[in-house]
Amino acid sequence: MKIGILASEGSWYFRDLERAAVACGHTCLRLDFGRLVSRVVTADSAIYQAATVPDSTGISDLMAIAAGGQSPDSASRPEFDAIIVRTMPPGSLEQVVYRMDVLGRIQAVGIPVVNSPKSLECAVDKYLTTARLQAAGLPVPETIVCEHEDDAAAAFEALGRDVVVKPLFGAEGRGIVRVSDPDLAHRTFRTLMRLDSVLYIQKFVEHEGFDVRVLVLNGLVLGAIRRRSPHDFRTNVSRSAVPELHAPTDQEAEFALRAAAATGAFVAGIDLLYDRLGNCFVIEVNAVPGWQAFSHTTGIDVASRLIDQLQSSV
């Protein structure tokens, strides 16, 4: 297979996937969202990366890689067999929409995209994800989403004056704040409204300082880790939480599989959080999940499993 991997420069995940792919006789090329160019004309249509790349680059009818920033030669385009999305860089609304449109066009001509544009659109949007999880009958923390500071203030009261305010788009705990003081809540909501932000307000779940990350691949549970963070309510490894080996319970596995299915993700990291009474909540579905700490903790070669599953589905 010829595999294009959308990844940031120097990405550990690109190197890990490349290692796994080469071991199976496949080739990989790193792609950059910011350098994808779409050409739409009556006689031809192409998407290509405007950057110098090796001559061995795979090129398809829709996804083409041009050397030196020149337009691709449509007469000599071998195919990519799959595209893997390993980064979702921040950008303007226009940039995000365009990137999803490009992935949609690639998928439309029969090139598998992991994860699919629709699942990425869902998982990157916390409101849509939470709504999908609730519609699937999964337990989620009570959440109120609005745009006006007065509605946010009413939500703050309704949720017991102890809430977590999250950016609608975001990952790794960035931009998440816990608010339990009315004055701070007022300033937070007013500031976010003036920034034209959507106010995503979730009831704070009192927990024991850890969550459970379950990794799902193609409808199967690969394994799980517990992420312990005694000094921060955010349990992200990127914020110094300590990963521990964890055997997922039947309920955790069920919740994770249902959550991945609700978003349509082929590979997903599902975050589960227990309150102090032992009730389990589905907090998040990550459709570009990190697995560096997961692999080191569990010994599971996620990159090889992903390449193997992708190979079987192509």
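Let me sum up the structure you'll find in this document. On a predicted model such as this, the values are computed, not experimentally measured, just so you know. (Residues numbered from 1 in each chain as written. Predicted model: local features only at pLDDT ≥ 70, side-chain atom pairs only at ≥ 80, totals over all residues. Heavy atoms only, no water.)

Evaluated as defined, the whole model comprises three aromatic pairs. Ring centres 4.9 Å apart and planes at 85° place the aromatic pair Trp12 and Tyr13 in the edge-to-face group. Taking the centre distance of 6.3 Å and the plane angle of 70° together, the rings of Phe156 and Phe189 count as edge-to-face. Within this pair, whereas Phe156 is found in helix H5 (residues 149-158), its partner Phe189 is found in helix H6 (residues 182-194), the two being separated by 33 residues in sequence. With respect to burial, Phe156 and Phe189 carry one shared label: buried. (Phe/Tyr/Trp six-rings, centres within 6.5 Å; stacked < 30°, edge-to-face > 60°. Helix = DSSP H or I, 4+ residues; strand = E, 2+ residues; numbered from the N terminus. Buried < 20%, exposed > 50% of the residue type's maximum accessible area, 1.4 Å probe, protein only.)

What follows covers the pattern of salt bridges. A complete count under the given rule lists 14 salt bridges for this structure. The partner of Glu206 in a salt bridge is Arg276, with the nearest N and O atoms 3.6 Å apart. One end of the pair, Glu206, is in the loop between strand S11 (199-203) and strand S12 (210-217); the other, Arg276, is in the loop between strand S15 (267-274) and strand S16 (280-286), and 70 residues separate them in sequence. In the salt-bridge network here, residues are joined through shared partners; they are Asp162, Arg178, Glu206, Glu208 and Arg276. (Salt bridge = Lys/Arg side-chain N within 4 Å of Asp/Glu carboxyl O.)

The omega torsion across Val114 and Asn115 is -5°, close enough to zero to call that bond cis. Even without being glycine, Asp196 reaches a positive phi, approximately 60°. Examined against the element boundaries, Asp196 turns out to sit in the loop between H6 and S11. Look at Asn218: it is not a glycine, yet its phi comes out positive at around 50°. Position of Asn218 relative to the elements: it lies in the loop between S12 and strand S13 (220-228). Residue Asn218 is classed as partly exposed on the basis of its relative accessible area of 36%.

Side-chain alternation along strand S6 (residues 82-85) places Ala82 and Ile84 on one buried face and Ile83 and Val85 on a second face that is also buried. With four bridges connecting them, strand S1 (residues 2-6) and S6 associate as parallel partners. The partner of Ile3 across the bridge, within S6, is Ala82. Across two bridges, the pairing between S6 and strand S7 (residues 113-114) is parallel. The residue bridging Ile83 from the neighbouring strand is Val113, located in S7. Between the parallel pair S6 and S7, the chain is carried across by helix H2 (residues 93-108), and the sense of this crossover is right-handed. (Pairing = 2+ DSSP bridges. Right-handed = clockwise from strand over helix to strand, strands pointing away.)

Adjacent strands of a sheet form backbone hydrogen bonds with each other and so pair up, either parallel or antiparallel. Taking strand neighbours across the sheet as the criterion, the four strands line up as S2-S1-S6-S7 in an open arrangement whose pairing is parallel. Whereas interior strands pair on both sides, the edge strands pair on one side only; in this sheet they are strand S2 (27-31) and S7. Sitting on the sheet, helix H1 (residues 12-23) is in contact with S1, S2 and S6, with an inclination near 160° to S2. Helix H9 (residues 302-313) contacts S1, S6 and S7 of the sheet and is inclined by roughly 145° relative to S6. (Contact = heavy atoms within 4.5 Å. Axes fitted to C-alpha atoms, helices over the stretch in contact; angles between N-to-C directions.)

Okay, the pairing of S12 next. Buried residues dominate S12, accounting for eight of its eight residues. Here S12 shows a buried face lined by Phe210, Val212, Val214 and Val216 and a second buried face lined by Asp211, Arg213, Leu215 and Leu217. Relative to S13, S12 runs antiparallel, the two being bridged by eight bridges. For Val216, the partnering residue across the bridge sits in S13 and is Val221. What sits between S12 and S13 in their antiparallel hairpin is a turn of two residues, with Asn218 showing a positive phi close to 50°. Sheet topology note: the S12/S15 ladder contains six bridges and is antiparallel.

A separate point is the sheet that holds strand S14 (residues 242-246). If you trace the five strands from one edge of the open sheet to the other, you get S14-S13-S12-S15-S16, paired in antiparallel fashion. One side of each edge strand has no neighbouring strand; the edge strands of this open sheet are S14 and S16. The average angle at which neighbouring strand axes cross in this sheet is 30°, direction not considered. Across the sheet, helix H7 (residues 250-263) lies against S12, S13, S14, S15 and S16, angled at about 130° from S15, the strand it touches most.

The values are spatial; any link to function lies outside them.
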